[in-house]
Amino acid sequence: MPVAAALHELDALKWQAIGFGSVLGLILMVVAVGASRRVARPLKRLADLAGRAAGGTLGVPLRPEGPKEVVDLANAFNDMSLALKDSRSQLEHRIVERTAELEVSREFLEHLLDSIDQRVLVVGTDRIIIRANRPALEAYGGDVVGRLYDEVVGVSAAQDDPVTATIQSGVSRAFERAHGSGVTQTIVQAELFPVRHARGDVNAVIEVARDVTRDKRLQAQMIHQERMATLGLLAAGMAHDIGNPLASILAQLRMTREVGGEERMRQSLDVVEREIQRISRQLRGFVALSTRRRSVHQRLDLNGVVQDVVTLLAYNPHARGCEIQTQLSRDLPPVHAE
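Residues numbered from 1 in each chain as written. Predicted model: local features only at pLDDT ≥ 70, side-chain atom pairs only at ≥ 80, totals over all residues. Heavy atoms only, no water.

A. Layout of the pattern of salt bridges. In the structure shown here, the tally under the stated rule is five salt bridges. Of the charged contacts, one joins E101 and R98 as a salt bridge, the two residues approaching to 3.2 Å between their closest N and O atoms. With a gap of three residues between them, E101 and R98 both fall in helix α2 (residues 68-115), about one helical turn apart. Here E101 falls in the partly exposed class, since its relative accessible area comes to 48%. Taking the shortest distance from any N to any O, the salt bridge between R134 and E138 comes out at 3.3 Å. Taken as a pair, R134 and E138 lie in helix α3 (residues 134-140) at a separation of four residues, close to a single helical turn. For E138, a relative accessible area of 58% corresponds to the exposed category. (Salt bridge = Lys/Arg side-chain N within 4 Å of Asp/Glu carboxyl O. Helix = DSSP H or I, 4+ residues; strand = E, 2+ residues; numbered from the N terminus. Buried < 20%, exposed > 50% of the residue type's maximum accessible area, 1.4 Å probe, protein only.)

This is the structure:
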C-alpha cells in the first residue's frame, strides 16, 4: 500500500479518536458538575445552619439530600441542633429558678438585717461600706453604702484603728466611740467581727453597734444617787466632827476675851485657823462627793485620792471603832485618770 494511502486511513482514525474523547470529556464534565452541585449545595446549607447555631439559632432542621454520607451528616446535625436547643432551654429554666431562689434569699437576708435593732455595717478591706441595715441608715444617713467607713462613723483612719486591726489580726474586738458633736453627740458601743474567705483570709468586717448614751446617763444618775445616799450616812458623823472644831473655836474666843493678852490671842488665832482649815477640808470633800461633774481626765496623785477616801470613811457611822492603816509608796508617780 502506498504510504499516502496508509497515512490517510490513520488520519481518519485520529479524528475519530479525538471526537470520541471530546464527547467523553464533555459527558464527564457534565457528570462532575451535577455531582458537585448535588454534594456542595447540602454542605453549603449545612455550613450556613452551623453559623446560625453558633449565633444562638438552634433547632432549625436541615433537609437531608444528596449522597448517603451527606444525608447521614445532615441527620446528625439535626439531632445535635435539637439536643442543644433542649439543653439551652433546660439551662435557661434552671437559671430562672436559681435567680428566683437568690432573690428570695437576698430579700430574707435584708429583712433579717433590718429586723436587728442594732446598727450593722459591712466594711470591705478597702474600708468602703458595702452594706448597711435600716437602723444604720437611719443613724448615719441613707447614702452610707459606697462611702469610706471613717467618714461615716467619724473616726480617724489611723494605722491602729479597730477596723484595720481586725482585718490584719482576724480577731474580733469591742470598743466605744463618740458619734456626732454637741448636744446631738451619742456614745456608741461597737463590736467588730472578721468575715473570712474560703481560703481563710479576711475579706470583710461586720460592725454591730448600739447606742448606749441612755445607759451611760442612767449609770451616771445611779452613781450620783449612790453618792447622795452615802452623804446621808456620813451626815451624822460630819455633824459631830464639825461640831468639835466649832466648839474648840468658840472656847478659844471666850478664853481670849477673858484672859486677853497678845500671846493668848496669838495662840487662840493659831487654833482657830487650824480648826477652820479642818472644817474647810471636810466641806470641800463633801461638796466634791455630792456634785455631778463631767468626766475629766487629769494628772492625779493616787496617794492623795486614798487619803481622801480614808477621810470620808472616818465619817461613816459603820466605821466607828475601826482603825484604818495605809501603806503608801512615797515615790509613786502621778497617773492620768479621773
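B. A look at helix α5 (residues 162-169). Within the sequence span of α5, burial applies to V163, T164, A165, T166 and I167. Looking at the buried residues of α5, the elements they touch are β1 (119-124), α4 (149-153), β3 (173-179), β4 (186-196) and β5 (202-211). One or two residues past the end of α5 sits G170, with phi positive at roughly 75°. (Contact = heavy atoms within 4.5 Å.)

C. Summary view of the pairing of β5. Taken together, the six bridges between β1 and β5 define a ladder with antiparallel strand orientation. Counted as the bridge partner of R119 is A209 from β5. Where β4 and β5 come together, nine bridges link them in antiparallel fashion. What sits directly across from E191, in β5, is V208. In textbook terms, the turn of a hairpin is the stretch between consecutive antiparallel strands, and for β4 and β5 this stretch comprises five residues, one of which, G200, has a positive phi near 105°. (Pairing = 2+ DSSP bridges.)

D. A look at the environment of V144. Residue placement: V144 occurs in the loop between α3 and α4. Judged by its relative accessible area of 0%, V144 falls in the buried class. Taking the C-alpha atoms as reference points, V144 and I128, 16 residues apart in sequence, are found 9.2 Å from one another. The contacts of V144, once residues within four sequence positions are left out, are I129, A132, L137 and V152.

E. Spatial organisation of the sheet that holds β3. What the five strands build is an open sheet, ordered β2-β1-β5-β4-β3; its pairing is antiparallel. The open sheet terminates on both sides in strands that have one partner only, identified here as β2 (129-132) and β3. Within the sheet, the average angular offset between the axes of one strand and its neighbour, ignoring direction, is 25°. (Axes fitted to C-alpha atoms, helices over the stretch in contact; angles between N-to-C directions.)

F. Geometry of the nonpolar core. Counting residues in each nonpolar core, the largest one holds 18 residues, and the members touching the most others are L121, I129, Y140 and Y149. Among the elements of the structure, β1, β2, α3, α4, α5, β4 and β5 are those that each provide at least two residues to this core. With residues up to four places along the chain from it excluded, the contact list for I129 reads L121, V122, V123, V144, V145, G146, R147, Y149 and V152. In terms of nonpolar packing, the next biggest core, distinct from the first, is built from five residues, M238, I249, V272 and I279 among them. (Core = buried A, V, L, I, M, F, W, Y, C linked by side-chain atoms within 4.5 Å.)

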